[in-house]
Every structure is written in structure tokens, then in C-alpha cells.
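# Results of the structural survey
The residues making up each chain are set out below.
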Amino acid sequence: MDENKILEDINSCIDCKNCNEVCDTFIATQNPFQSPNGRLQIAKKVFNGGDISEDEKFGLYTCTLCALCDLTCQQNIPISKIIHASKAKLVEQGKAPYEIHNKIIKGIVDNDNSVSGKPEERLDWLPETYRGEEKYEEADSDTLLYLGCMSSFRVKESATASYEILKEGGYNFKILKNEPCCGEYVYSAGNLTLAKKIFQENFERFKKHGIKNIIVTCGGCLYAFNNVYPNYLNDWDINVKHIVQVVYDLAKEGKIKLNPLNREITYHDACRMGRKIHGMDIYNEPRELLANCGLTIENLEKNRGNSPCCGAGSGIRGIDSGLCIDIGAQLINEINTNEIVSSCPLCVFNFRYVNYKKQLGKEYKYITDAILESIKTQ
Ligand code: SF4
Ligand code: SF4
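Here is a short report on the structure shown in this document.

Conventions adopted
- Numbering of residues starts from 1 in every chain and runs along the sequence as written.
- As they are written, the chains are lettered A onward and the ligands numbered 1 onward, keeping that order.
- With pLDDT at 70 or above as the cut-off, local features in this predicted model cover only qualifying residues; side-chain atom pairs require 80 or more to be listed or tallied, and sums for whole chains, interfaces and linings still use all residues.
- In computing side-chain properties, one takes all heavy atoms of the structure into account and sets aside hydrogens as well as water.
- By definition, a salt bridge exists where a carboxyl oxygen of Asp or Glu is found within 4 Å of a side-chain nitrogen of Lys or Arg.
- The rule is simple: take the accessible area with a 1.4 Å probe, protein chains only, and divide by the maximum for that residue type; under 20% is buried, over 50% is exposed, in between is partly exposed.
- Counting from the N terminus, the helices are DSSP H or I runs at least four residues long and the strands are E runs at least two residues long.
- Whether two residues are in contact is decided by their heavy atoms, any of which lying within 4.5 Å being enough.
- If even one non-hydrogen atom of a residue comes within 4 Å of a molecule or strand, that residue is called near it.
- Classification used: nonpolar for Ala, Val, Leu, Ile, Met, Phe, Trp, Tyr, Cys and Pro, charged for Asp, Glu, Lys and Arg, polar for all others including Gly.
- The criterion for strand pairing is that DSSP finds at least two bridges linking the strands in question.
- Only Phe, Tyr and Trp rings are paired, with Trp represented by its six-membered ring, and only when their centres lie within 6.5 Å; those with planes under 30 degrees apart are stacked, over 60 edge-to-face, the remainder tilted.
- In this analysis the charged atom, NZ for Lys or CZ for Arg, is taken to sit over a ring once it is within 6 Å of the ring centre and within 35 degrees of the ring normal.

Scanning the entire structure with this criterion turns up 24 salt bridges. Measuring nitrogen to oxygen at the nearest pair gives 4.0 Å for the salt bridge that ties K118 to E121. What makes E121 partly exposed here is its relative accessible area of 30%. Here E288 makes a salt bridge to K252, at a shortest N to O gap of 3.3 Å. Of the two residues, E288 sits in helix α15 (residues 284-292) while K252 sits in helix α14 (residues 243-252), which places them 36 residues apart along the sequence. You can call K252 exposed: its relative accessible area is 56%. Taken together, the salt bridges that share partners define one network made up of R263, E339, K365, D369 and E373.

For the rest of this paragraph, the subject is the environment of Q378. Along the chain, Q378 falls in the segment after α18 (367-376). In this structure Q378 comes out as exposed when scored by relative accessible area, which is 90%. For Q378 and Q245, which are 133 residues apart along the polypeptide, the C-alpha to C-alpha distance reads 24 Å.

This paragraph deals with α18. Because an α-helix completes one turn every 3.6 residues, residues spaced three or four positions apart along the sequence face the same direction. In terms of residue burial, α18 counts as a mostly covered element, since 8 of its 10 residues are buried. Residues of α18 that are buried in the fold lie against α10 (156-168), α14, β4 (263-268), α15, β6 (339-342) and β7 (363-366).

Neighbouring ligand 2 are C23, T25, P36, R39, C63, T64, L65, C66, A67, C69, S80 and I83. Listed by contribution, the elements that provide at least two residues to the shell around ligand 2 are α3 (36-47) and α6 (79-92). In the shell around ligand 2, the residues fall into 8 nonpolar, 3 polar and 1 charged.

Counting through the fold element by element, D9 comes out in helix α1 (residues 3-11). Each residue touching D9, except ones within four places of it in the same chain, is listed here: I77, P78 and I82.

The next point concerns the pairing of strand β1 (residues 143-146). Side-chain positions along a regular strand alternate between the two faces of the sheet. Taking every second residue as pointing to the same face, both faces of β1 are buried, with T143 and L145 on one and L144 and Y146 on the other. Here 4 bridges tie β1 to strand β2 (residues 213-216), and the two strands are oriented parallel to one another. The partner of Y146 across the bridge, within β2, is V216.

Here we come to the packing of aromatic side chains. Inspection of the entire model under this criterion finds 16 aromatic pairs. Of the aromatic side chains, those joined through ring pairs into one cluster are Y146, Y187, F199, F203, F206, F225, Y229, Y232 and W236. The aromatic ring of Y223 is capped on one face by R272, whose charged end is 5.6 Å from the ring centroid. One Lys or Arg, R317, reaches over the ring of Y353 and ends 4.2 Å from the middle of that ring.

Residue position: Y223 is located in helix α13 (residues 219-232). Not counting residues within four places of it along the chain, the set of residues in contact with Y223 comprises E184, Y187, V228, R272, K276 and I277.

In C-alpha cells form, the structure reads like this:
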């Protein structure tokens, strides 16, 4: 972002503080440094070359980059983008990120994942029945099923179910034996130099394997490939879809058969399934699919483009797990059904973490896991 434009945008703030009313981190902490309006004032110092305090830096780094505040600003200030740009500026000045970010980034560089997964366990999710026949990079397809760190290591059934549904629907695709991290974590932490290097290397690798289409399971990967990579790679030309969109088409074409599950669930819209993915609102497809699985869908009071963050956006759990739990619990406590379904494995993972910490007694499912259950139901 152009720094003069950033300062111009910040100076156009009329201090109405409407943005603060929707900000989960401010609602949870009541700390002005952890509000959109307060963060803009910190950003102003950063871009004017001033020093900021530890509390102010913490304020910037506890933003989930959920972009809810952007929707409320009558001055059209791209608040979340300015907050991210401030983090990048601090990294450029050698003042950020935090040690925990650097540790996770080292894991990405050394082991190709952001979740401390062991490389030898990367493909543990692959169903036993397909292990013998899987051709990986050598498969004759220009479409890659890209699982990402969360599905590969932490919410493995999201990878397994997505893979099995594509097989069931006769979809032709390949997977990589040693998949790289998309780099979204590095980008969000503000290390743009390394992020750009990762984007370039990944693109080269995708091209080497003849990949023209990518199917992702994670909202973070979708955001990275669709909204960030094109800003840094002039020739990025890979078509990227979320697994929900592909499964939706398979169901429409009658290639998979859905059977009734007959229970109630609440569907949570991840911010990286719509609000953050400009021009790609994936709100109707998951609801239609789940309804066709015989599931009655409850919505959160704020849903679709206004849906709250799960509490784990932009890696805030690493620096303030308490805040992450508070935001997640606030959301879960609003939910009446026992089961919550999401199309983002990071949200599912965080909900389960909050559930465990607060003993909330609910169940959390990744969407293709629910759909596969419906396919397998007689
Ligand atoms: S909503 Fe916009 S104008 Fe109002 S305080 Fe927030 S940033 Fe400033
Ligand atoms: S992006 Fe989300 S967490 Fe960050 S300031 Fe805006 S509303 Fe708050």
C-alpha cells in the first residue's frame, strides 16, 4: 500500500468509533489499543516514523484481520489493510514480529507447515483404501487438491472427507507428496519479503507439475491464492476454488448422492469464505449442500458477510490465547444447536480448542465430513 495514501486515509477518520462496535477484540478487552480506531492511531505513528509502545505493538498484533470494521466505516477507510501494512512496516524496521511468529515461520521454512506437524505425518489423512493407487504428482490431471497445514495435520478428517468425496464423484485431481505451506501466516505476520519468496517458489512448483486449477479446503489458503498471490505474482494464472464449490457442482450434476441426516446444525461463515475474498461470496453453496444432506440449518445472529471471527484469525492464538478463547466462547455461547459446521479447518480447530478450554460440550464438524457422512448414510 502506498504510504501517503495510508496517511491520507487515516487522516480522513472522523473519530465516530462506529468501527469499535463490531470489533471482537475490542468488545472482549475494552482496550482502545485493541480497537480499529485505536489501531489506526497506532498505524499513524508507525507511518510517521514515530516509536510505538509495547502495548501499541500488541494492539496491532492482536487484530484478527477479520475485516468486519472495514464494512462499518463511512469514510471507506480500509482499516484492516492499514493494520496489516503497519505490521509489515514494523517488520521492515526490525521491530516485529514476535518470537512466537518467528518460531512458527521457521517451522514453515524447515518443515513446510505452520502447525508444528512432522513432515513424515503429512499424508496420514490419506485413506488406506487409496494408498496403493495414489499417483501423487504423477497423476494425469492439471487440478491439485491442496490441503494446507490445518487440514493435513490438525483437522485431518477435513482432508480425508474432501479427498473421498472427489473420488466418489469421479473427479480427476492430483495431490502433492510434499505439499508446501501457502505462506498466508508469514504474510499476515508482516514478513512480506519471505512471503513473496514463498509465493514465487510455490507458483514455480505448481507450474512444474502442470497445475492450472487448485481446490483448497482452507479459507486461509483460498484467501492467499485468490487475493494475495495475484498482488505479488504478475503472471499468476491458476484458477482457485474452495472444495465446497466443487462438491456443490458434483451434487448438482448428480455425481454424488446425498442422504438425509435429519438433525439440526449451526453453520458458521468463516471470514475467509466471503468477506475477505472479494468477489467470491461462498455463502449459499454450503447452506444448500447441508440442507440437501437433510440438515436443518440455524444461523448465527450475524452471519454471511457480517459473521464474527472464530477467534483465531491472523495467528493471534500464539500471542494471546486468552483473547482467542474469549472471542471463540462469545460466539459459541450464542449457538443453540449441539453441532456447528464450518468450511474452514482453522475455525473448526479453534472452536474445538475453545470448547476444550471452556468445557462447552458442543461438536464441531468440517463441512465435507458432514457431507461424506450423508453420502455414506443408507
Ligand atoms: S468507522 Fe471509520 S471514520 Fe469512524 S472511527 Fe472508525 S475508522 Fe474512523
Ligand atoms: S480487522 Fe477485525 S479484529 Fe482487526 S480491528 Fe477490524 S474488526 Fe477488529
